[in-house]
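Okay, here's what each chain looks like letter by letter:
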Amino acid sequence: MILLDGKIISEQVKVEIAQEVENIKKQGGKVPHLVAILVGHDGGSETYVANKEKSCTQVGFKSTVLRFEDTVTEAKLLYEINLLNNNPDVDGFIVQMPLPKHISEQKITEAIDPKKDVDGFHPLNVGRMTIGMPAYISATPDGIIELLRRYKIETSGKHCVVLGRSNIVGRPISNLLSLKGYPGDCTVTVCHSRTKNIPEITRTADILIVALGQAEYVTADMVKEGAVVIDVGINRIKSDATKSGWKLLGDVKFDEVAPKCSYITPVPGGVGLLTIVSLLKNTLKAAKKEIYG
Ligand code: GUN
């Protein structure tokens, strides 16, 4: 069993990005600039944005956070987005989700210029991705692709089973892995809450991707010997055994599943660590105008 190590791979990619930024600087170019819009004081969002800022600094990007109270109007946010769309100093920006209930996340997402949509949430980027055109790919599916690529895992002709059909993980990763080329050319089955006989299906998976948000859902009897298992779940569970009073569990019962696998991601330390790296990769692509010219 080989561990798909998100820490090692994310550090590697960050070093590569930092080197590119050094080259841009040497040639007198502008360093990539990522802006994050943060509305309100949600603890999770604050942590995400702080980590994004830290990672930007590590690779030499410029990073700005625009903060708004959770009473901000949708019109004001749309106005700010328009300013960012037209600001040549800003290469890419994200609006941290979730947003307060009075603001339409869909309207906000669609207002972002697809050329600067480094989250890859705009329908144009989602559509381009599904037909194999150059596009910003959102962080989690891109992180999974990066892991498969870096560990040179064979995907052609493999049966990939995806548990979960969310717009941010299940749907995009099932699309990407069915595309022509590497990593792709898989036969993909998507399972969801209405799927019958899930264990029967997962037992036929060469590659099993789990993005359900249910702690330790996948048990050893659901996994084929030699499978590649990618666990996207991050579930906070109360625990008396830790100082903080909680622990992180994946969607896979790691201890019993791992011995059966050829490769498996740990939680924490797997796909999660690659998501910020994907955002950095997209911001670099935006600065270099790689996707839209
Ligand atoms: N909230 C949780 N994850 C994300 C993300 O990747 N992007 C944005 N914009 N908000 C999030």
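This text follows the structure it describes.
The paragraphs below set out a description of the structure included in this document. (Residues numbered from 1 in each chain as written. Predicted model: local features only at pLDDT ≥ 70, side-chain atom pairs only at ≥ 80, totals over all residues. Heavy atoms only, no water.)

**Brief notes about the overall build of the chain**
1) Next: Within the chain one finds 10 helices and 11 strands.
2) Next: Whereas a compact globule of 293 residues would reach a radius of gyration of roughly 19 Å, the chain reaches 19 Å, a difference of no more than 12%.
3) Next: Over its C-alpha atoms, taken along the principal directions, the chain stretches across nearly 55 × 40 × 35 Å.
4) Next: Within the span of the chain, comprising 293 residues, buried residues form 47% of the whole.
5) Next: By sequence separation, contacts in the chain at least 24 residues apart represent 70% of the contacts at least 6 residues apart.
6) Next: Across the chain, the centroid of the 36 positively charged side chains sits 2 Å from that of the 34 negatively charged ones. (Helix = DSSP H or I, 4+ residues; strand = E, 2+ residues; numbered from the N terminus. Rg over C-alpha atoms; globule rule 2.2 N^0.38 Å. Buried < 20%, exposed > 50% of the residue type's maximum accessible area, 1.4 Å probe, protein only. Contact = heavy atoms within 4.5 Å. Lys, Arg positive; Asp, Glu negative; His and termini not counted. Charge placed at Lys NZ, Arg CZ, Asp CG, Glu CD.)

**Focus on the packing of aromatic side chains**
1) Next: Throughout the structure, instances matching the rule amount to two aromatic pairs.
2) Next: Ring geometry for Tyr136 and Tyr292: centres 6.2 Å apart, planes at 45 degrees, overall tilted. In this pair, Tyr136 sits in the loop between α5 (123-130) and α6 (139-150) while Tyr292 sits in the segment after α10 (271-287), placing the two residues 156 residues apart along the sequence.
3) Next: Judged by its relative accessible area of 2%, Tyr136 is buried.
4) Next: The exposure class assigned to Tyr292 is partly exposed, which follows from its relative accessible area of 23%.
5) Next: Taken together, a centroid distance of 6.4 Å and an interplanar angle of 70 degrees make the contact between Tyr151 and Tyr263 edge-to-face. Taken as a pair, Tyr151 in the loop between α6 and β5 (159-163) and Tyr263 in strand β11 (residues 263-264) lie far apart in primary sequence, 112 residues in all. (Phe/Tyr/Trp six-rings, centres within 6.5 Å; stacked < 30°, edge-to-face > 60°.)

**Description of the site of the ligand**
1) Next: Taken together, Tyr48, Val95, Gln96, Met97, Asp119 and Phe121 make up all the residues around the ligand.
2) Next: Within the backbone of Val95, a nitrogen or oxygen atom sits 2.8 Å from a nitrogen atom of the ligand.
3) Next: A distance of 3.1 Å separates a nitrogen atom of the ligand from a polar side-chain atom of Gln96.
4) Next: Compared with its free state, where it exposes 280 Å², the ligand has 78% of that area covered by protein.
5) Next: Considered class by class, the residues forming the shell around the ligand number four nonpolar, one polar and one charged. (Near = heavy atom within 4 Å. Polar contact = N/O pair within 3.5 Å; in protein donor to acceptor, adjacent residues only side chain to side chain. Areas by Shrake-Rupley, 256 points an atom, 1.4 Å probe, with all protein chains shown as cover. Nonpolar A, V, L, I, M, F, W, Y, C, P; charged D, E, K, R; others polar.)

**Considering the sheet that holds β5**
To summarise the sheet geometry, strands pair through backbone hydrogen bonds and adopt either a parallel or an antiparallel arrangement.
1) Next: The strand order β1-β11-β8-β7-β5-β6 describes an open sheet built from six strands, whose pairing is parallel. What marks the edges here is a single partner per strand, and that holds for β1 (2-3) and β6 (187-191).
2) Next: In this structure, β5 lies alongside strand β7 (residues 207-210), joined through four bridges in parallel fashion. Bridge pairing in β7 links Val161 to Leu208. (Pairing = 2+ DSSP bridges.)

**Considering the environment of Met129**
1) Next: Tracing the sequence through the fold places Met129 in helix α5.
2) Next: On the basis of relative accessible area, Met129 is assigned to the buried category, the value being 6%.

**Considerations on empty space enclosed by the protein**
1) Next: Inspection of the entire model under this criterion finds two cavities of 30 Å³ or more.
2) Next: Of the pockets and cavities examined, the largest cavity occupies roughly 40 Å³.
3) Next: What lines the largest cavity is simply Val95, Met97, Thr109, Ile112, Asp117, Asp119 and Phe121.
4) Next: Considered as a void within the structure, the second largest cavity measures approximately 30 Å³ in volume.
5) Next: As for the second largest cavity, its lining consists of Leu34, Ala36, Val49, Lys52, Glu53, Cys56, Ser63, Thr64 and Val65.
6) Next: Mapped onto the lining of the second largest cavity, the elements with two or more residues apiece are β2 (33-39), α2 (43-59) and β3 (62-68).
7) Next: It is α2 that contributes the most residues to the lining of the second largest cavity, four residues altogether.
8) Next: Counted by class, the lining of the second largest cavity contains five nonpolar, two polar and two charged residues. (1 Å grid on protein atoms, 1.4 Å probe; cavity = no way out; pocket = protein on both sides within 12 Å on 5 of 7 lines; lining within 4 Å. Points joined across faces, edges and corners; volume = space filled by probe spheres on them.)

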